[in-house]
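Given next are the chains, with one letter for each unit.
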Amino acid sequence: MERLPGFSGLTAFYAAARHGTLTAAAAELNVSQPAVSRRIAALEADLGCALFDRSHKPVRMTQHGKDLLRALRGGFGQIETAAAQIRQAARGKVVTITAPSGLVAFWLIPRLGELEDTFAEVTIRIISQEYGEPQRPGDISIRFGLAEDAGEVRLLGDGVFPAASPLYLDRRGMSGDAYDFARMTLLTMEAARSQWHDWPSWFRSVGAEMPAGARVLDFNSYAMLVNAALAGQGVCLCWDGVLNSFLDTGALVRLEGPEAVSARGYFMAARDGLAADPQVRGILDWTAENARK
């Protein structure tokens with residue numbers, strides 16, 4: 001196993017990278033600015049590369065610096081989450097739910113008030129995950145993908161269909177039952193195609209070819225993708241159940257036609273050893289029941 005860099009250097013670099021200045025990093029760490037500079041210099045010497053390009057004012061991170069920051073965000077993020085869970089558990093019952101950001105934004109948050117009223121004795125903590133981020137530990141984890149364990153519960157349906165805002169359809173002279181994909185902008189998440197349905201795979205699933213004239217706009221977050229659809233920027237793919245609130249209010253219109261059926265979906269499970277915990281079990285059952293409504 002490779003020797004890990006010194007912790008003081010890592011924390012100094014992490015603070016400086018997040019704040020953008022050595023002065024702010026020094027204030028956070030309660031040390032002098034020269035001390036932060038020395039720690040970062042020692043870390044660079046240990047790694048054998050520059051983490052900041054000091055030829056610019058203000059300094060900029062090099063690619064090596066960006067790579068290290070990405071790793072530290074994942075590692076320190078997990079430490080922060082675990083520490084917060086331990087502190088809160090010492091003060092009272094806390095149940096942490098981790099879930100993809102799109103599901104949190106469009107399905108869980110609208111139901112959060114009812115969830116908290118139902119479990120008033122429990123402090124519920126929500127951690128959203130963007131695609132590609134390291135999985136943070138949670139008492140209840142909701143993830144997107146294929147089923148991996150018999151103990152997982154599928155939350156939402158398996159249908160995938162296109163939808164767009166009425167504003168977008170009107171601008172294109174189209175409607176939910178009269179439209180032309182070739183003249184549309186297709187909103188997608190190509191970076192997540194191994195897990196998610198992108199447009200080419202959706203068209204294949206419904207036995208059609210993706211129109212050559214369609215324009216594609218790519219995002220790395222489903223929440224951003226849906227917000228773009230709501231703003232009238234194009235057509236999105238909806239997973240059955242996730243965007244029902246927008247479909248019910250008419251903010252999005254389902255395009256009439258075929259629906260793909262996918263084995264992928266949102267799956268929920270309790271952390272090992274917690275499935276029998278009364279509060280965790282209650283929240284699991286409540287979430288599964290509400291997903292069926």
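Residues numbered from 1 in each chain as written. Predicted model: local features only at pLDDT ≥ 70, side-chain atom pairs only at ≥ 80, totals over all residues. Heavy atoms only, no water.

Applicable threshold: UniProt positions are given in the numbering used here, feature names are shortened, and annotations may be inferred rather than shown by experiment.
An unreviewed UniProt entry lists the protein under the name LysR family transcriptional regulator, from Ruegeria marisflavi. Turning to the protein, the UniProt annotation filed under Sequence similarities (unreviewed entry) states: "Belongs to the LysR transcriptional regulatory family."

## So, the overall build of the protein
Defined as follows: For helices the rule is a DSSP run of H or I covering at least 4 residues; for strands it is a run of E covering at least 2, with both sets numbered from the N terminus onward. For the exposure calls, accessible area comes from a 1.4 Å probe over protein chains only, and a residue counts as buried if that area is under 20% of its type's maximum, exposed if over 50%, partly exposed in between. Every residue pair with non-hydrogen atoms within 4.5 Å of one another is taken to be in contact. Accessible areas in this description were obtained via Shrake-Rupley with a 1.4 Å probe; residue shielding takes into account the shown protein chains only. In summary, the charge assignment counts Lys and Arg as positive and Asp and Glu as negative, without counting His or the chain termini. Charge placement uses NZ in Lys and CZ in Arg. For Asp and Glu, CG and CD serve respectively.
Regarding its fold elements, the protein presents eleven helices and 13 strands. The C-alpha extent of the protein, read off along each of the three principal axes, is 65 × 50 × 35 Å. Within the protein, the fraction of its 293 residues that count as buried is 43%. Of the contacts made within the protein by residues no fewer than 6 positions apart, 75% connect residues no fewer than 24 positions apart. On the protein, roughly 15100 Å² of surface is accessible, and the fraction owed to carbon and sulfur atoms is 52%. In the protein, the 30 positive side-chain charges and the 33 negative ones have mean positions that sit 8 Å from each other.

## Points about the packing of aromatic side chains
Stated precisely, the cut-off is as follows: Stacked, edge-to-face and tilted are the three classes for Phe, Tyr and Trp ring pairs, Trp counted by its six-membered ring, which pair at centre distances within 6.5 Å; planes under 30 degrees apart are stacked, over 60 edge-to-face, the rest tilted. Only when the NZ of Lys or the CZ of Arg is both within 6 Å of the ring centre and within 35 degrees of the ring normal is a charge said to sit over the ring.
Summed over all chains, the structure comprises 13 aromatic pairs. Ring centres of Phe13 and Phe52 lie 5.5 Å apart, and the angle between their planes is 55 degrees; this geometry places the pair in the tilted category. A residue pair is termed long-range when its members are at least 10 positions apart, and Phe13 in helix α1 (residues 7-19) and Phe52 in strand β1 (residues 52-53) qualify at 39 residues. We classify Phe52 as buried; its relative accessible area is 10%. We note Arg18 situated over the ring of Tyr14; from NZ or CZ to the ring centre the distance is 4.5 Å. Positioned over the ring face of Phe161 is Arg254, at 3.9 Å from the centre of the ring.

## Let's talk about the state of the cysteines
The following threshold applies: Disulfide: a pair of cysteine sulfur atoms within 2.5 Å of each other.
Within this structure, the stated rule accounts for zero disulfides. Sulfur of Cys236: no disulfide; nearest cysteine sulfur belongs to Cys238 and is 4.0 Å away. Its relative accessible area of 0% is what places Cys236 among the buried residues. Judged by relative accessible area, which is 0%, Cys238 ranks as buried.

## Thoughts on the UniProt feature "domain: HTH lysR-type" (unreviewed entry) in the protein
In the UniProt entry, the feature "domain: HTH lysR-type" (unreviewed entry) is given for residues 5-62. With 62% helix and 7% strand, residues 5-62 has end C-alpha atoms that lie 18 Å from one another.

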